[in-house]
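Chain by chain, the residues run as shown.
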Amino acid sequence: MDTEKHDTTAPSSNRRRFLVGSALSGTVPFLPHEAEARAPLAARPPGDAAPGFALHVNAHVYQVALDPRTTLLDALREHLDLTGVKKGCDHGQCGACTVLVEGRRELSCLSLAASMQGREVTTIEGLATPDGRLHPMQQAFMNHDAFQCGYCTPGQILSAIGCIREGHAGTPVDIREYMSGNLCRCAAYPNIVAAIEQARDQGEG
Amino acid sequence: MTGPLFPQGGPNMGQPAPRYEGRAKVTGEARYPSDVRLPRTAHACLHLSRIGRGTIRGFDLTAARAVHGVIDILTHETVGDAIRQTPAIYQGGYTSDSLLPLGSAEIAHWGQPIAMVVAETYEAAREAAQRIVVTTAPHPSPAVDINAPGAETRALEPMMVQAGDFDAAYAAGPIRIDARYTTPAQHQNPMELFATQCVWEGDRLTVHEPSQYVNSVKFGLAEQLGVPADNIRVISTHVGGAFGAKGFLTQRTALVAIAARRLGRPVKLVATREQGFTVSGYRAETRQHVQLAATRDGRLTALRHEGWELTSRADTVAMGGASMTTRLYACPNILGRVNTVAADRSTPGFMRAPGEVPYGFALETALDELADRLGMDPVELRRVNDTQTEPVGGLPYTSRSLMRCFDVAAATFGWSGRSPRPGSMREGDWLIGWGCASAYYPAQAGNSAARVRLTADGTAHVASAGHELGQGMTTMMAQVAAEELGVPLERVTVSLGDSDLPPAVVNGGSAGTASVASAIMIACDAIRARLGVPRDAPYAALRAAVAASGLAFVEELGEARAHGRSPESLPDMYRGRALPLGGVELPDRVQFAMGAQFVELRIHRWTREIRVRRAVGAFAAGRIINPRTSHSQLLGGMIWGIGSALHEHTDIDQRNAAYTNANLADYLVPVHADISEIQAILVSEEDRLVNQAGVKGVGEIGVVGVAAAISNAVFHATGRRLRDLPIKLEHLL
Ligand code: FES
Ligand code: FES
């Protein structure tokens, strides 16, 4: 019911943008015919009739056809195998699913994947350079031990980048206020604030 | 640029090595159990009871089955006898409660799993689960909480503690305190949801599930499914926080396992945040009664602590903190009692410092009340009653640095600048309150094993079925092997979180590091003995010895037996029964980590807004293997303490015991904006007795005492003594 990309033209402006093959498509479930036959029309979601669309993630283009109810979060995790993005509530209450959309932080559990057509999504997997050099925010989180279990961490890092870009990281008080949508149950908060200050002072965001 | 907050080292401390798995966690490469991708996975969604105690009259699954993509729906009518009734951990078994999953038409509590849908996609499973229609007969008057009329109170005689003659001494006491306290139900809410993936290959089952104890899941599931334990493997490489919620086998795992077997496909369940409130255990609400008598110079002459803890009808679960709070201060006449109150609720379980948080709140607040009555500094009251021997049995503490912690924390905090009279410290419209309390947590360990392999190329590998919950287990394992063998840290690799590895203790009770480090040390000793290499031999000599042995590698298994466990108990760890032991449970001694908590808060004169401005904690916990990760655990614990005092409580619907705030917008946990200045100080302490590694553990002590320090600071700011948690501004109006 959904497939990964076939062919899309990559904008030449971004050298890192390239096509992703259909390596994942073999693992994507198809609805068995029995289930289709049993389903009365009224209860059938129009999912399998959904037109395919392109998701631009981390400078890759994925051609997908998803149940229209699929959130960006579930699309990334369950269909594109980008599991760095985490589900902590699915209700916009915890920030674990934070991604950057066109460079701004957004909660992927509150966005439908279909609404992302033509918009550039950045997940934690897209932060380090292709040769493995960490983004300064990632490095700052490591330097300051700004995580314990690590489950909220991708969301904290992406949110922190957004926070600096928005100009909301000038003081510790500002950082705390504007990072409050990202819960950390391990409560690495003091270390996260210190890490954000380090990255900010390096001019990163 | 700000430097790191964690200390760089100190006496009896190792290196603040960066986290072994740090890079994997900041790049998103770390795969938590729900991130593992299995081909042809079907998705499951639970349907939980929306009534309290009652009976299922029937299911109408028509609408649910009609959802496009639905494959299977499990209910008590369709699972048959696929899952066997087995004992819960409280009865020597493995499960976290004794309700048989989808066992019958009886509903014991709101939120009990009563059906599970399996579908091609998550979206279809979720929709179908919502379309299940259940006809039910609710019980007319379920007992919803610890105060409900229908709840049954039972005294737990084995938990009674007695010394001297409490009644007589209390009656004769020159100064007396008699106070009652309550603490609320709370949920751990680790950020990672309760997920389970199961896949069968023939008759072999692999389970991916976040866990604090893979072997408990493995052996419990074997019993439930009637499958040989050798056929089951449980993998939990990364765990997104646990805090007690992932200690034992919950009902969901067997359901996912049998669904996967019925389908012949992998099945993945990720319980929603709301479902998580009843999928696993929680911190039960308590009522407590404390009576203290003291001489005019502050010496305790009588101490009574009685607790009532909520439990389910199905299971008698009690954290029994009074058995500990009665043994912390010198006092000749003691009475400790614990009762359970059974209601129509899900079975409670463990949550970070399960007994110490509620009981410590009551005792440490009562001591502050006594200090106030005596006109005595609360730090001095603790000093007067400090002891190196436990007062009930006269057993020695293996080490106890309570007053050193108080002195260090008080100096850092600036406690001497406190004006003792309540309401006497102000800044503009803000009332300032300073409060303190003791922190304590039993030093525990459980039988554990670890395998260490030293390879001819000079690398080492450490393996044990312990868990990385965020506490730094992986880094610690590498560090201990590196230190013991003299191998550079970057040349050590680690495997954990897999039931195929040598078994470890359940990673709870702050026992993980003490237990697994001891096992690694034993394995390293054996390697050095086999190679004939002395303890402090240089790395080159070690490598030369392996080369001379002609072996590709030298490998040894270390088995560490916890103090107080018999030699006959060792095989138990190979059956998923390695539980922590320590604290006051030993025949010959008591062992505790100790600490001191200081808090400054401000309360707005008009709005009564309460803000914690700063907190200083100092903790002595034996050897600190890694000051970086230990410091983070203590900071996190202290912040949990702030949440426990001011934010966290699970709201219970008085009609059906539904949890009405079962989401992260309404169940309040501390967020960035709640936390400003928090300082955790590691006080160096050496304890060669406590266990081979000399480690007491720091996972839980950080949270203990904070709530009392806060309630004591509220009293100092306002003169109002609040004895019910959480403390909210409406209590101060
Ligand atoms: S998962 Fe999106 S905010 Fe929690
Ligand atoms: S690091 Fe565990 S939730 Fe933030």
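Residues numbered from 1 in each chain as written. Chains lettered and ligands numbered in written order. Predicted model: local features only at pLDDT ≥ 70, side-chain atom pairs only at ≥ 80, totals over all residues. Heavy atoms only, no water.

Things to note about the overall build of chain B
Turning to step 1, where the next piece is worked out: When you go through chain B residue by residue, the secondary structure sums to 16 helices and 27 strands.
Turning to step 2, where the next piece is worked out: Dimensions of chain B along its principal axes, counting C-alpha atoms only, are 75 × 75 × 55 Å.
Turning to step 3, where the next piece is worked out: For chain B, with 733 residues in total, the buried portion stands at 68%.
Turning to step 4, where the next piece is worked out: Sequence-distant contacts in chain B: of pairs separated by 6 or more residues, those separated by 24 or more amount to 81%.
Turning to step 5, where the next piece is worked out: Here chain B has roughly 23,400 Å² of accessible surface; of this, 50% comes from carbon and sulfur atoms. (Helix = DSSP H or I, 4+ residues; strand = E, 2+ residues; numbered from the N terminus. Buried < 20%, exposed > 50% of the residue type's maximum accessible area, 1.4 Å probe, protein only. Contact = heavy atoms within 4.5 Å. Areas by Shrake-Rupley, 256 points an atom, 1.4 Å probe, with all protein chains shown as cover.)

Let's talk about the overall build of chain A
Turning to step 1, where the next piece is worked out: Tallying secondary structure elements over chain A gives 6 helices and 6 strands in all.
Turning to step 2, where the next piece is worked out: Helices and strands appear in chain A in the N-to-C order β-α-β-β-α-β-β-β-α-α-α-α.
Turning to step 3, where the next piece is worked out: Considering only intrachain contacts with a sequence separation of at least 6, the fraction spanning at least 24 residues in chain A is 59%.
Turning to step 4, where the next piece is worked out: If you sum the accessible surface of chain A, you get close to 7,700 Å²; carbon and sulfur atoms cover 54% of it.

Observations concerning the nonpolar core
Note on soluble globular proteins: their nonpolar side chains tend to be buried together.
Turning to step 1, where the next piece is worked out: One finds A:F141, A:I196, B:L292, B:F598 and B:I710 to be the most contacted residues of the largest nonpolar core, which totals 164 residues.
Turning to step 2, where the next piece is worked out: If near-sequence neighbours (up to four positions away) are discounted, B:I710 is found in contact with B:V599, B:L601, B:V612, B:I642, B:A645 and B:L646.
Turning to step 3, where the next piece is worked out: B:M116, B:F194, B:C198 and B:A259 belong to the second-largest nonpolar core, a separate cluster that totals 43 residues. (Core = buried A, V, L, I, M, F, W, Y, C linked by side-chain atoms within 4.5 Å.)

Quick look at the interface of chain B and chain A
For interface size, the figure often reported is the accessible area lost on association.
Turning to step 1, where the next piece is worked out: Each partner contributes to the interface: chain B provides 73 residues, whereas chain A provides 73 residues.
Turning to step 2, where the next piece is worked out: Taken over both partners, the interface formed by chain B and chain A buries close to 6,100 Å², and the fraction arising from carbon and sulfur atoms is 56%.
Turning to step 3, where the next piece is worked out: The interface formed by chain B and chain A includes 8 salt bridges.
Turning to step 4, where the next piece is worked out: A:R77 serves as the salt-bridge partner of B:D35, at 2.8 Å between the closest nitrogen and oxygen.
Turning to step 5, where the next piece is worked out: For the side of chain B that touches chain A, the secondary-structure elements that each account for two or more residues are helix 1 (22-27), helix 3 (122-131) and helix 15 (627-646) of chain B.
Turning to step 6, where the next piece is worked out: Top contributing element to the side of chain B that touches chain A by residue count: helix 15 of chain B, with 8 residues. (Buried area = accessible area lost by both parts, 1.4 Å probe. Salt bridge = Lys/Arg side-chain N within 4 Å of Asp/Glu carboxyl O.)

Regarding the side chain of B:T398
Residue and element names in this part refer to chain B.
Turning to step 1, where the next piece is worked out: Secondary-structure assignment places T398 in the loop between helix 10 (378-384) and helix 11 (402-413).
Turning to step 2, where the next piece is worked out: For T398, a relative accessible area of 15% corresponds to the buried category.
Turning to step 3, where the next piece is worked out: At 2.7 Å, the side chain of T398 and the side chain of D687 are in polar contact. (Polar contact = N/O pair within 3.5 Å; in protein donor to acceptor, adjacent residues only side chain to side chain.)

Concerning the confidence of the model for chain A
Turning to step 1, where the next piece is worked out: The predicted model of chain A averages 81 in pLDDT, with 75% of residues at 70 or higher.
Turning to step 2, where the next piece is worked out: Low confidence marks residues 1-47 of chain A, where pLDDT is under 50. Its contacts with residues over four positions away, or in another chain, come to 98 contacts. (pLDDT = per-residue confidence, 0-100.)

What to know about the domain arrangement of chain A
All names here are of chain A.
Turning to step 1, where the next piece is worked out: Taken domain by domain, chain A comprises domain 1 (40-126) and domain 2 (136-201).
Turning to step 2, where the next piece is worked out: With both sides pooled, the region where domain 1 packs onto domain 2 buries about 1,300 Å², and carbon together with sulfur makes up 55% of that total.
Turning to step 3, where the next piece is worked out: Ranking the residues of domain 1 by area buried against domain 2 places L100, R105 and I124 at the top, with a combined share of 46%.
Turning to step 4, where the next piece is worked out: Across the contact surface, domain 1 and domain 2 share 1 salt bridge.
Turning to step 5, where the next piece is worked out: R105 serves as the salt-bridge partner of E166, at 2.8 Å between the closest nitrogen and oxygen.
Turning to step 6, where the next piece is worked out: The interface formed by domain 1 and domain 2 contains 9 residue pairs in polar contact (both at pLDDT 80 or more).
Turning to step 7, where the next piece is worked out: Ranked by the residues each element gives to the side of domain 1 that touches domain 2, the list is headed by strand 4 (residues 98-101), at 3 residues.
Turning to step 8, where the next piece is worked out: Here the residues of the side of domain 1 that touches domain 2 are counted per class, giving 5 nonpolar, 8 polar and 3 charged. (Domains from an automatic or database assignment. Nonpolar A, V, L, I, M, F, W, Y, C, P; charged D, E, K, R; others polar.)

Side note on helix 3 (residues 136-143) of chain A
Turning to step 1, where the next piece is worked out: Those residues of helix 3 of chain A lying buried are A:M137, A:Q138, A:A140 and A:F141. One side of helix 3 of chain A carries all its buried residues, which in axial view fall inside an arc of 160 degrees.
Turning to step 2, where the next piece is worked out: On its buried side, helix 3 of chain A packs onto helix 4 (153-165) and helix 6 (189-201) of chain A together with helix 1 of chain B.
Turning to step 3, where the next piece is worked out: In the stretch just after helix 3 of chain A, A:D145 is the one whose phi turns positive, near 50 degrees. (Arc of directions from axis to C-beta.)

A look at the packing of aromatic side chains
Residue and element names in this part refer to chain B.
Turning to step 1, where the next piece is worked out: Applying the stated rule across the entire model yields 18 aromatic pairs over all chains.
Turning to step 2, where the next piece is worked out: Ring geometry for Y397 and F592: centres 6.0 Å apart, planes at 50 degrees, overall tilted. With Y397 in the loop between helix 10 and helix 11 and F592 in strand 25 (residues 592-604), the pair connects residues that are 195 residues apart, well separated along the chain.
Turning to step 3, where the next piece is worked out: Judged by relative accessible area, which is 6%, Y397 ranks as buried.
Turning to step 4, where the next piece is worked out: Taken together, a centroid distance of 5.6 Å and an interplanar angle of 35 degrees make the contact between F413 and F598 tilted. Of the two residues, F413 is situated in helix 11 and F598 in strand 25; the sequence distance between them amounts to 185 residues.
Turning to step 5, where the next piece is worked out: Exposure remark for F413: the relative accessible area of 3% places this residue in the buried category.
Turning to step 6, where the next piece is worked out: Through pairs of rings, three or more aromatic residues link up here, namely F406, F413, W415, W434 and F598.
Turning to step 7, where the next piece is worked out: Over the ring of F553 we find R453, and its NZ or CZ is 3.7 Å from the ring centre. (Phe/Tyr/Trp six-rings, centres within 6.5 Å; stacked < 30°, edge-to-face > 60°. Lys NZ or Arg CZ within 6 Å of the ring centre and 35° of its normal.)

Notes on the sheet that holds strand 5 (residues 113-119) of chain B
Residue and element names in this part refer to chain B.
Turning to step 1, where the next piece is worked out: A sheet is described by the order of its strands in space; here 7 strands give the open sequence 3-5-1-13-10-11-12, paired in mixed fashion. What marks the edges here is a single partner per strand, and that holds for strand 3 (70-74) and strand 12 (232-235). In this sheet, adjacent strand axes meet at a mean angle of 20 degrees when their direction is disregarded.
Turning to step 2, where the next piece is worked out: Pairing analysis gives 6 bridges linking strand 1 (residues 42-48) to strand 5, with the strands arranged antiparallel. The residue bridging L48 from the neighbouring strand is P113, located in strand 5. (Pairing = 2+ DSSP bridges. Axes fitted to C-alpha atoms, helices over the stretch in contact; angles between N-to-C directions.)

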